[in-house]
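Structural description and commentary
Okay, here's what each chain looks like letter by letter:
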Amino acid sequence: MATTTAPGRTGAPKPKKSKDSGRPRPLWHDWLRSLDRPLTSYYLVLATSLLLIGLGLVMVLSSTMVDSITETGSAFSMFQRQLVSAAVGLPLMLLAAQSPVWVFRLVGYPAMIVSVALLLLTVFHGTEVNGAMRWLDVGGMLIQPSEPAKLAFALWGANILARKDELRELTEWRHLLIPLLPGCGLLTMLVLLGSDLSTTLVLLLIFLALLWVAGAPGRLFVVMFGLVLGLAAVVIAIEPFRIERVTAFLDPAADSGGDGYQSLHGLYALGTGGLFGVGIGASREKWGFLPFAESDFIFAIIGEEFGLLGTVVVLCLFGVLGYAGLRVATRVKDPFARLAAAAIVTWVIGQSMINIAAVIGLVPVTGIPLPLVSYGGSSLIPTMLALGILLSLARAEPKAQRALAARGPSRVQRALSWLGLDKTPTSGDERGTAASSGSAKRAPRKSGARGPKTTVKHRSGPVPAGDRPRRNRRR
């Protein structure tokens with residue numbers, strides 16, 4: 001029996017293939033596809049930041065009620081100060097999220113100069129709290145200048161390396177280290193004069209992250225990492241109280257009433273919480289047993305009140321925040337945006353890992369707060385501002401820029417445009433704008449009595465007759 005085929009086809013018709021073969025698509029497949037949307041990084045950073053800030057406010061209220069009643073007679077005095085800090089940080093965070101990237105490049109140098117000045121002022125005229133000279137009294141309010149110094153160093157270092165990358169100068173090791181290494185050394189020296197080893201470690205983490213993203217060779221990176229470890233060992237050895245902390249870390253039970261007291265009670269709080277916790281507000285360790293329960297050891301109170309599940313949720317939130325930050329760093333095209341995103345995410349995630357590791361007994365007690373969760377406006381406001389910058393960098397992803405351009409300008413962008421802060425055209429942008437405006441003014445020539453368009457030869461290829469220079473035409 002003869003078969004006929006449709007015109008233009010050869011052979012028998014091919015059977016249609018089924019995409020799913022009749023089987024339902026797994027949920028993880030749809031979840032992975034949803035992560036490929038243009039603004040995924042932006043919404044992940046925003047959601048995790050707001051959740052951690054909200055959790056921090058709840059836990060600060062829970063962990064400070066007893067101390068607040070003892071000090072002021074009100075259970076909400078410390079919580080109100082934290083709420084004011086969050087209220088100040090949130091507009092700054094949203095304003096930074098809507099600001100263009102070039103603003104942060106301009107801010108890096110002034111922020112670094114102001115940070116060094118404040119740290120110098122703290123060394124000579126600081127206020128001693130708990131045996132450490134880390135605080136500065138400004139109008140009756142204590143601030144810790146080392147916290148905003150982390151953000152200043154991240155922006156300044158990213159700008160330095162980005163400028164050298166644009167000039168093609170990062171092929172030599174001296175351009176990688178100068179002036180980045182002296183700037184980091186100056187900040188760490190001033191911070192160490194205030195007996196703040198934990199902040200020094202965070203600054204060194206930012207320094208190593210910038211070198212890594214800038215493409216430092218393996219040998220240089222190993223040397224710098226060894227230098228950091230050597231500096232930490234020397235600083236620990238010259239301070240007797242740090243040696244006692246290391247000894248207490250190795251065996252907390254040997255000095256349960258002294259240096260090992262805080263570590264043991266942090267573990268007691270985690271063990272008491274069990275799987276589901278004792279309930280929000282029902283912590284026992286916050287009743288004067290666990291020192292600094294609202295700041296350094298707030299993760300232990302989370303474990304006691306929310307149990308193992310609560311601590312896992314906190315770890316997942318920081319994990320998602322770290323994933324989103326690294327996603328931004330790998331997707332943006334601008335060298336400054338890539339370096340700044342990596343520095344900020346290394347600062348926030350590295351500090352959170354150090355804090356949690358100290359609470360669960362993996363490293364000695366360092367006295368470093370848990371970002372966005374611990375009590376203290378000096379830590380909360382700079383961290384919120386840094387995450388606002390990370391949100392702005394997420395908006396700078398190529399796909400995100402196209403998606404936002406299709407939406408049109410937001411209210412904040414229109415306000416920035418009114419102030420003249422929405423965009424600064426570069427020379428390339430101005431040339432492109434002039435070219436586009438010139439091409440818009442010139443209407444295409446229509447074929448008339450002189451006939452259709454013709455082309456002439458040129459060094460760069462054939463040129464339409466309507467685009468020939470007038471001086472080459474016959475008069």
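Residues numbered from 1 in each chain as written. Predicted model: local features only at pLDDT ≥ 70, side-chain atom pairs only at ≥ 80, totals over all residues. Heavy atoms only, no water.

**Side note on the overall build of the protein**
Within the protein one finds 17 helices and five strands. Per-residue burial over the protein gives 42% buried out of 475 residues. (Helix = DSSP H or I, 4+ residues; strand = E, 2+ residues; numbered from the N terminus. Buried < 20%, exposed > 50% of the residue type's maximum accessible area, 1.4 Å probe, protein only.)

**Details of the nonpolar core**
Counting 101 residues, the largest nonpolar core has Phe153, Phe207 and Leu211 as the members making the most contacts within it. A per-element tally of this core places helix α13 (residues 335-359) first, with 15 residues. In contact with Leu211, not counting residues within four places along its chain, are Leu176, Leu177, Leu180, Ala216, Phe221 and Met224. (Core = buried A, V, L, I, M, F, W, Y, C linked by side-chain atoms within 4.5 Å. Contact = heavy atoms within 4.5 Å.)

**Topic: the pattern of salt bridges**
Applying the stated rule across the entire model yields five salt bridges. For Glu166, the salt bridge goes to Arg105, with nearest N and O atoms at 3.0 Å. Highlighted residues: Glu166 in helix α5 (residues 146-166) and Arg105 in helix α4 (residues 101-125), separated in sequence by 61 residues. Classification of Arg105 by relative accessible area gives buried; the value is 17%. In this structure, Glu305 and Lys286 form a salt bridge, with 3.7 Å as the shortest nitrogen-oxygen distance. You can see Glu305 sitting in helix α12 (residues 298-331) and its partner Lys286 sitting in the loop between α11 (261-273) and α12, a full 19 residues away along the chain. Lys286 shares its class with Glu305; the two are buried. (Salt bridge = Lys/Arg side-chain N within 4 Å of Asp/Glu carboxyl O.)

**Topic: unusual backbone geometry**
In this structure, the amide linkage connecting Ile178 to the following residue, Pro179, adopts the cis form with an omega of 5 degrees. Along the chain, Pro179 falls in the loop between α6 (173-177) and α7 (180-193). Even without being glycine, Arg168 reaches a positive phi, approximately 60 degrees. Within the element layout of this structure, Arg168 appears in the loop between α5 and α6. Backbone geometry at Ser195 places phi at a positive 60 degrees, although glycine is not the residue there.

**Concerning the packing of α5 against α13**
Relative to each other, α5 and α13 sit at 150 degrees, their axes nearing to 8 Å. One finds that α5 runs roughly antiparallel with respect to α13. In this structure, α5 crosses over α13, and the sense of that crossing is right-handed. Two secondary-structure elements touch here, α5 through Glu147, Lys150, Leu151, Ala154, Leu155, Ala158, Asn159, Leu161, Ala162 and Asp165 and α13 through Pro335, Phe336, Leu339, Ala340, Ala343, Trp347 and Gln351. The residue inventory of the contact of α5 with α13, partitioned by class, reads 12 nonpolar, two polar and three charged. (Axes fitted to C-alpha atoms, helices over the stretch in contact; angles between N-to-C directions. Parallel < 35°, antiparallel > 145°, perpendicular 65-115°, else oblique. Left-handed = near helix turned anticlockwise from the far one by under 90°. Nonpolar A, V, L, I, M, F, W, Y, C, P; charged D, E, K, R; others polar.)

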